[in-house]
Amino acid sequence: MCDAASGRTLGMVPTMGALHEGHLSLIRRARAENDSVYVSIFVNPVQFNNAEDLEKYPRTLDEDVRLIGDSADYVFAPSVEEVFPVPPTEVYDFGTVASVMEGASRPGHFNGVGVIVRRLLEWVRPHKAYFGEKDYQQIAVIREMCRQCRILSEVIPCPIVREPNGLAMSSRNRRLSREEFETAANIHRILEESKQFSNAGEISHFVENEIGKVPGFKLDYFQLADSATLLPVTDMAAHEGVMGFITVYVGSIRLIDNVCYR
Ligand code: PAF
């Protein structure tokens, strides 16, 4: 589909729809850096390890297409049957980047991400594919998938876009009540405040303690990790880049965020 022979560049933004300003920022970046922009909208069933989460994932195709407007040249919104005429059977080993944190907490999730992103990138063959850094670990997994599957598209990470209250934008935010939405802002606040500490143990203790104080929060995990390998960090000074990765249930909604310490 990509017009590589013409020398024109194609940027792709893979999404699961329920678009928000974070997605639109990816589309704008793709538009600024490429001749054509391709957006896919597909709620990928094989990356959900929780049937209720899949069922309740917001689906707002008409509104998504309206929001995209003229900012993309192609919108691809296939059905599950078109993408998976038979259930996919691929089993990948993406190594450590896929086994820690989200990989451990959501078994099968990254395999499902690998399955769909590989198909999309092989079908569309974009020069560049744009992903948001809220899903920082997902970007590492997609890079590894591209390496293993010899996909030449360049993976472009893009900064997290936040609500005015600091909450990282996510399609799942739509499922929060007004009160939960306000409470969820504490995730970013606590991560930012944890930057006052320079010792790994103190940071983890602070975050876990503060999250525990917020009514309605249930911490899934907070993990300090090397920003390149995603391996756990216990000694901040021993790593060039260190990030904190958090997953919190706000009521029944599972939200993720991250922070960069160095
Ligand atoms: O980040 C997402 O929205 C999804 O995981 C992706 C990359 C579109 C694959 O379904």
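Report on the accompanying structure.

Quick notes on the rules
- Residues numbered from 1 in each chain as written.
- Predicted model: local features only at pLDDT ≥ 70, side-chain atom pairs only at ≥ 80, totals over all residues.
- Heavy atoms only, no water.
- Helix = DSSP H or I, 4+ residues; strand = E, 2+ residues; numbered from the N terminus.
- Contact = heavy atoms within 4.5 Å.
- Areas by Shrake-Rupley, 256 points an atom, 1.4 Å probe, with all protein chains shown as cover.
- Axes fitted to C-alpha atoms, helices over the stretch in contact; angles between N-to-C directions.
- Parallel < 35°, antiparallel > 145°, perpendicular 65-115°, else oblique.
- Left-handed = near helix turned anticlockwise from the far one by under 90°.
- Nonpolar A, V, L, I, M, F, W, Y, C, P; charged D, E, K, R; others polar.
- Salt bridge = Lys/Arg side-chain N within 4 Å of Asp/Glu carboxyl O.

A closer look at the overall build of the protein chain
A count of helices and strands for the protein chain gives 10 helices and 8 strands. Taking the principal axes of the C-alpha coordinates as reference, the protein chain spans close to 55 × 40 × 35 Å. For the protein chain, restricting intrachain contacts to residue pairs at least 6 apart in sequence, the fraction spanning at least 24 positions comes to 70%. A total of about 12400 Å² of accessible surface is found on the protein chain, and carbon and sulfur atoms cover 51% of it.

Thoughts on the packing of helix 7 (residues 109-124) against helix 8 (residues 136-148)
The contact between helix 7 and helix 8 brings their axes to 10 Å, and the two run at 55°. Judged by the inter-axis angle, helix 7 sits oblique to helix 8. You can see that helix 7 and helix 8 cross each other, and the crossing is right-handed. Together, Phe110, Val113, Gly114, Val117, Arg118 and Leu121 of helix 7 and Gln137, Gln138, Val141, Ile142, Met145 and Cys146 of helix 8 make up the contact between the two elements. Tallied by class, residues from the contact of helix 7 with helix 8 come to 8 nonpolar, 3 polar and 1 charged.

Comments concerning the pattern of salt bridges
The full count for this structure, using the stated rule, is 20 salt bridges. Note that Glu21 is salt-bridged to Arg28, the shortest N-O span being 2.3 Å. The residue Lys213 makes a salt bridge to Glu210 at a minimum N-O spacing of 2.8 Å. A residue pair is termed a helical-turn pair when its members lie 3 or 4 positions apart in one helix, as Lys213 and Glu210 do in helix 10 (residues 200-213) at 3 residues. It is possible to trace a salt-bridge network through shared partners that takes in Asp53, Arg106, Arg172 and Arg175.

Considering the side chain of Lys134
Inspection of the secondary structure puts Lys134 in the loop between strand 4 (128-132) and helix 8. For Lys134, the contacting residues outside a window of four places in its chain are Ile160, Ala168, Met169, Ser170, Ile256 and Asn258.

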